[in-house]
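Remarks on the overall topology
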Amino acid sequence: KSVGARPSYTYQLDLGGGRKYVGRTANPHRRISRHFSGRGAKYTRVHSPKGVDYVRRHYDELAARRAETREYYKAKRKYGDGVRGAGHTRSGDY
């Protein structure tokens, strides 16, 4: 383990209508609040969040990035084309 590793988090939002958003952040409260206030990802500005499905803690950013990709594809298999996040985002607000 590296000294000073900072935890990072993945989360999934329920956007209603079978839509989901999978994201990653170092500050889940701030990031999820931004989605709910209309200042998050472009997709969540168009498809407003209805709830938070989960927030998961990871050892560091690399672990969270890998988990985000896995979780995105898992959600995509389950919910289909109404899933965004991972490769669909350009946000630097992690």
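It should be noted that the structure appears before, not after, this text.
So, a few notes on the structure that sits alongside this text. Everything quoted here is computed from the prediction, not taken from an experiment.

The next subject is the side chain of K20. Residue position: K20 is located in strand β2 (residues 19-25). With a relative accessible area of 8%, K20 lands in the buried category. At a separation of 2.8 Å, a polar atom in the side chain of K20 contacts the side chain of D53. Dropping the residues within four chain positions of it, K20 is found in contact with Q12, L13, D14, L15, Y43, D53, Y79, G82, V83 and R84.

In terms of nonpolar packing, the biggest core is built from seven residues, these being Y11, L13, L15, Y21, I32, A41 and Y43. Per-element accounting of this core gives the leading share, three residues, to strand β1 (residues 8-16). Counting six residues, the second-largest nonpolar core is a separate cluster that includes V22, Y54, Y72 and V83.

Rules used in this analysis
Residues numbered from 1 in each chain as written. Predicted model: local features only at pLDDT ≥ 70, side-chain atom pairs only at ≥ 80, totals over all residues. Heavy atoms only, no water. Helix = DSSP H or I, 4+ residues; strand = E, 2+ residues; numbered from the N terminus. Buried < 20%, exposed > 50% of the residue type's maximum accessible area, 1.4 Å probe, protein only. Polar contact = N/O pair within 3.5 Å; in protein donor to acceptor, adjacent residues only side chain to side chain. Contact = heavy atoms within 4.5 Å. Core = buried A, V, L, I, M, F, W, Y, C linked by side-chain atoms within 4.5 Å.

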